[in-house]
Amino acid sequence: MCGIAGILSPVSPPKFDVMESLVTMAKQMPYRGPDFTGYFRFRIGGLSHNRLSIIDLSSDANQPMISQDQRYVISYNGEIYNYREIRRQLEHKYNFRSASDTEVVLNSFIEWGPECLSHFNGMFAFAIMDKDKNELFAARDRMGIKPFYY
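Computed from a predicted structure; not experimentally measured.

*Asks:* Is there a simple way to explain the overall build of the protein chain in this structure?
*Replies:* Assigned secondary structure in the protein chain consists of three helices and seven strands. Computed over C-alpha atoms, the radius of gyration of the protein chain comes to 15 Å, within 12% of the 15 Å expected from 2.2 N^0.38 for 150 residues, which places it in the range of a compact globule. For the C-alpha atoms alone, the extent of the protein chain along its principal axes is close to 45 × 35 × 30 Å. Residues counted as buried form 46% of the 150 residues belonging to the protein chain. Here the contacts in the protein chain between residues at least 6 apart in sequence split such that 54% fall between residues at least 24 apart. One finds the centroid of the 17 positive side-chain charges in the protein chain at a distance of 3 Å from the centroid of its 17 negative side-chain charges.

*Asks:* What is the right way to look at the sheet that holds strand S6 (residues 122-130) in this model?
*Replies:* The strand order across the open sheet formed by four strands is S4-S5-S6-S7, and the pairing between neighbours is antiparallel. Both edges of this open sheet fall to strand S4 (65-66) and strand S7 (135-140), since each of them pairs with a single strand only. As paired elements, S4 and strand S5 (residues 72-80) share two bridges and run antiparallel to each other. Across the sheet, the residue bridging to Ile66 is Val73, located in S5. Lying over the sheet, helix H3 (residues 101-112) contacts S4, S5, S6 and S7, oriented at roughly 125° with respect to S5.

*Asks:* What should I look at first to understand helix H2 (residues 83-90) in this one?
*Replies:* Every α-helix winds through 3.6 residues per turn, so residues three or four apart in the chain are directed the same way. If you check which residues of H2 are buried, you get Tyr83, Ile86, Arg87 and Leu90. Projected down its long axis, H2 carries its buried residues within an arc of 105°, all on one side. Exposed and oriented more than 90 degrees from the buried face of H2 are Arg84 and Arg88. Elements in contact with the buried residues of H2: S5 and H3.

*Asks:* Just checking my understanding: could you explain the layout of surface pockets for this structure?
*Replies:* Gaps left between atoms show up when a probe the size of a water molecule is rolled over them. There is about 440 Å³ of room inside the largest pocket. Taken together, 21 residues form the lining of the largest pocket, with Ile4, Ala5, Gly6, Phe148 and Tyr149 sitting closest to its centre. Contributions of two or more residues to the lining of the largest pocket are made by strand S1 (3-8), S5, S6 and S7. At six residues, the largest contribution of residues to the lining of the largest pocket is made by S1. Residues of the lining of the largest pocket, tallied by class, amount to 15 nonpolar, four polar and two charged. Reported here for the second largest pocket is a volume of approximately 270 Å³.

*Asks:* I'm lost on the pairing of S7 in this one. Help?
*Replies:* Within a regular beta strand, the side chains point alternately toward one face of the sheet and then the other, so they alternate between its two faces. The sheet contact formed by S6 and S7 spans six bridges and is antiparallel. Bridging from a neighbouring strand, Ala127 pairs with Ala138 of S7. Two successive antiparallel strands, S6 and S7, enclose a turn made up of four residues, where Asn134 displays a positive phi of approximately 60°.

*Asks:* Quick question: what am I supposed to make of the sheet that holds S1 here?
*Replies:* In a beta sheet, neighbouring strands are held together by backbone hydrogen bonds and run either parallel or antiparallel to one another. Sheet architecture is open: three strands sit in the order S1-S3-S2, paired in antiparallel fashion. For this open sheet the edge positions go to S1 and strand S2 (36-42), each flanked by a neighbour on one side alone. Ignoring strand direction, the axes of neighbouring strands in this sheet form an average angle of 10°. Looking at chain direction, S1 and strand S3 (residues 45-51) are connected through six bridges and run antiparallel. Across the sheet, the residue bridging to Leu8 is Gly45, located in S3.

The rules behind each value
Going along each chain's sequence as written, the residues are numbered from 1 onward. Residues qualify for local features only when their pLDDT is at least 70, as the model is predicted, and side-chain atom pairs are given and counted only at 80 or more; totals for whole chains, interfaces and linings, by contrast, use all residues. Excluded from the side-chain calculation are hydrogens and water; included are all heavy atoms of the structure. In this description a helix means any DSSP run of H or I spanning at least four residues, a strand means any run of E spanning at least two, and both kinds are numbered starting from the N terminus. Two things to know: the radius of gyration comes from C-alpha atoms, and the globule rule equals 2.2 Å times the number of residues to the power 0.38. When a residue's accessible area, from a 1.4 Å probe over protein chains only, is under 20% of the maximum for its type it is buried; when over 50% it is exposed; and in between it is partly exposed. In what follows, a contact means two residues having at least one pair of non-hydrogen atoms within 4.5 Å. Counting rule for charge: Lys and Arg are taken as positive, Asp and Glu as negative, and neither His nor the chain ends is counted. Think of each charge as sitting on NZ of Lys, CZ of Arg, CG of Asp or CD of Glu. DSSP calls a pair of strands paired once it identifies at least 2 bridges connecting them. Orientation is described by lines fitted to C-alpha atoms, with helices fitted over the stretch in contact, and by angles between N-to-C directions that extend from 0 to 180 degrees. Taken from the helix axis, the directions to the C-beta atoms give the arc we talk about. Only protein atoms enter the 1 Å grid used here, on which a cavity is any set of points holding a 1.4 Å probe that cannot leave and a pocket is any open set flanked by protein within 12 Å on both sides along at least five of seven lines; residues with an atom within 4 Å of a point are listed as lining. Grid points are joined across faces, edges and corners, and a volume is the space filled by probe spheres set on the points. When residues are grouped by polarity, Ala, Val, Leu, Ile, Met, Phe, Trp, Tyr, Cys and Pro land in nonpolar, Asp, Glu, Lys and Arg in charged, and all others, Gly among them, in polar.

Here is the structure:
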């Protein structure tokens, strides 16, 4: 069960040390992901991720994960039960580097925007940063199995 955390500032540049805050948050939940801890800093904040490797054990699935065009960044926890079917729908347009459901969620968001949620069957919580628009999209599964606090 991965641990995700993020921080946003209402002003740019933030009036606090974003990386220090991300590291502090990640250190509060090492039990949520002993396999890898990653950080991504963007203009108005950042995302951190403590990874517990389950589906794809390779480093290709480490997070926060960046889209191939470098525009989007995701930190995700959960499991999309139908990710293989969704991946097959997207393979004609996207080159997948990993076997993870994280990359399927990321490319689904790029393809369908917030409507991607209607394609997912599973339990999840995630945040995706659009660096070009400076917008963060965050969601959790309909039943709230994977909680998302903000």
